[in-house]
Amino acid sequence: MFRLIAAAAVLATSPLVTAPPLGADAPVAGPRTQVMTLASTHLSEHDGWTAPMLEPLIAKLVAFKPQIVTHEGVSGEQCEAMRAFPDLYADTVDQYCWDPSSIRAKTRLSVGDGLREVRKTLATWPAQPTASQRRHLAMLFLAAGDRPSAAVQWLRLPPAERVAGDSLDEAMVAILERKGKKLNESVDVAAVVAARLGLERVYAVDDHSSDAALVDEGKEFEDAIAKHFATVRDMPELARVKDREIAVTGAASMLDYYRWMNASGAQAAIIRADFGGALAQSAPGTPARRYVGWWDVRNLRMAANIRATFAARPGVRVLNIVGASHKPWYDALMRMMADVDVMDSAAALR
């Protein structure tokens, strides 16, 4: 009995095996799925950066030839679900979701209606759709709360056909044109890559249903997180990131910046200071640890959303575009899947 208890104690304290549950050498019928995650900055945070500066980066991503492209956006479906629970998600919806009311007023389609119509339309989508069909599908994506996928359809139209018509009115065209708007990697990278590769859509995989995990936190938590973030803001590694961002003045330096972000271990120091520092922050009740719990929940659900995009399409090539701090979690979680190869984004950007 004592030997059994001792053996159980050893198992309980041993590091978890990082190989997939089915084993690293599990037999797989057909080609393995290749998943590559691009660590990105949030482009909207940078004034003065322009779409032409992204061209060398986009060319590298197109050369990877993904068949599925995901981005860090919240889906129309999840936004609609969160609207049903304002006590849990009111702030989240305000921050991360588009207001569908103007589109609904013009199309008479709810988000759910739009989602259903998108699925039906793509199920019978012709190999050579007309411009009219693309404009109509762009409208359906807008109704479904999926602006980046609507942008894919818009970009696939010849420039002369990027006009109102076929249930797409001038206000919707203004949404798609985004004149005067800051860059956004969901559109200016993900949608552009998808359009150039002849894909019909992109997939939003961010997941803020995790926000409910902290909905009941009060001042104790807020004070602990404020103290933690103040420490992170002062770290020298963050200052070096700012220096690299300032050095981005054109297309070549933009690609260099993305190469640096995607180099092996590039995020290690910052995530250790941020999430590791929160884990180690000493306070009664360890409130900062709850922030790490929320982050883990969010990344687990984001990884599940990615897996859902290729669950029925094994063997495809998948490109994820996401904020840099998510990349270590994405890569680790994708490696837990026995038929997935995690591809080196640094190598793809060389």
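Before reading on, note that the structure itself is shown above.
The text that follows walks through the structure, step by step, so that each part is easy to find. (Residues numbered from 1 in each chain as written. Predicted model: local features only at pLDDT ≥ 70, side-chain atom pairs only at ≥ 80, totals over all residues. Heavy atoms only, no water.)

**A closer look at the state of the cysteines**
Here comes step 1: Summed over the entire model, instances satisfying the criterion amount to 1 disulfide.
Here comes step 2: A sulfur-sulfur distance of 2.0 Å marks the disulfide that ties Cys79 to Cys97. Measuring handedness by torsion sign, the sulfur bridge of Cys79 and Cys97 sits at about -90 degrees and is left-handed. Taken together, the residues Cys79 in helix 3 (residues 76–83) and Cys97 in the loop between helix 4 (86–96) and helix 5 (101–107) connect sequence positions 18 residues apart. (Disulfide = S-S within 2.5 Å. Helix = DSSP H or I, 4+ residues; strand = E, 2+ residues; numbered from the N terminus.)

**Observations regarding the nonpolar core**
Burial of nonpolar side chains together is a common tendency in soluble globular proteins.
Here comes step 1: Judged by nonpolar contacts, the single largest core of 39 residues is most densely connected at Leu61, Val69, Tyr258 and Leu319.
Here comes step 2: For this core, the leading source of residues is helix 10 (residues 185–196), giving 8 residues.
Here comes step 3: Aside from chain neighbours lying at most four places away, what touches Leu61 is Met36, Leu38, Pro66, Val189, Val193, Leu319 and Leu349.
Here comes step 4: Listed in part, the 20 residues of the second largest apolar core include Leu109, Leu137, Leu140 and Ala143. (Core = buried A, V, L, I, M, F, W, Y, C linked by side-chain atoms within 4.5 Å. Buried < 20%, exposed > 50% of the residue type's maximum accessible area, 1.4 Å probe, protein only. Contact = heavy atoms within 4.5 Å.)

**Here's the deal with the environment of Thr70**
Here comes step 1: Counting through the fold element by element, Thr70 comes out in strand 2 (residues 68–74).
Here comes step 2: What makes Thr70 buried here is its relative accessible area of 0%.
Here comes step 3: When the C-alpha positions of Thr70 and Asp206 are compared, they lie 9.2 Å apart, and in sequence the two are 136 residues distant.
Here comes step 4: Of note is the side chain of Thr70, whose polar atom sits 2.7 Å from the side chain of Asn320. (Polar contact = N/O pair within 3.5 Å; in protein donor to acceptor, adjacent residues only side chain to side chain.)

**Focus on the sheet that holds strand 4 (residues 317–323)**
Here comes step 1: Taking strand neighbours across the sheet as the criterion, the 5 strands line up as 3-2-4-1-5 in an open arrangement whose pairing is parallel. Only two strands of the sheet have a single neighbouring strand rather than two, namely strand 3 (203–206) and strand 5 (340–343). Taken pair by pair, the neighbouring strands of this sheet meet at an average axis angle of 30 degrees, ignoring direction.
Here comes step 2: Pairing analysis gives 4 bridges linking strand 1 (residues 33–40) to strand 5, with the strands arranged parallel. Bridge pairing in strand 5 places Thr33 opposite Val340.
Here comes step 3: In the packing of helix 15 (residues 288–310) onto the sheet, the strands contacted are strand 1, strand 2, strand 3, strand 4 and strand 5, and the crossing angle to strand 3 comes to about 155 degrees. (Pairing = 2+ DSSP bridges. Axes fitted to C-alpha atoms, helices over the stretch in contact; angles between N-to-C directions.)

**Some details on the packing of helix 14 (residues 268–280) against helix 15**
Here comes step 1: One way to put it is that helix 14 packs onto helix 15 with a least axis distance of 6 Å and a crossing angle of 135 degrees. The angle between helix 14 and helix 15 falls in the class oblique. The handedness of the crossing between helix 14 and helix 15 is left-handed. Between helix 14 and helix 15, the contacting residues are Asp274, Phe275, Ala278 and Leu279 on the first element and Ala288, Arg289, Tyr291, Val292 and Trp295 on the second.
Here comes step 2: Here the contact of helix 14 with helix 15 is composed, by residue class, of 7 nonpolar, no polar and 2 charged. (Parallel < 35°, antiparallel > 145°, perpendicular 65-115°, else oblique. Left-handed = near helix turned anticlockwise from the far one by under 90°. Nonpolar A, V, L, I, M, F, W, Y, C, P; charged D, E, K, R; others polar.)

**A short note on the side chain of Glu185**
Here comes step 1: When you line up the elements, Glu185 lands in helix 10.
Here comes step 2: One buried charged residue, Glu185, remains without a salt bridge, the closest side chain of opposite sign being Arg178 at 8.4 Å.
Here comes step 3: Excluding its chain neighbours within four sequence positions, the residues that come into contact with Glu185 are Ser40, Thr41, His42, Leu43, Ala190 and Ile321. (Lys, Arg positive; Asp, Glu negative; His and termini not counted. Salt bridge = Lys/Arg side-chain N within 4 Å of Asp/Glu carboxyl O.)

In short, geometric facts, not functional conclusions.
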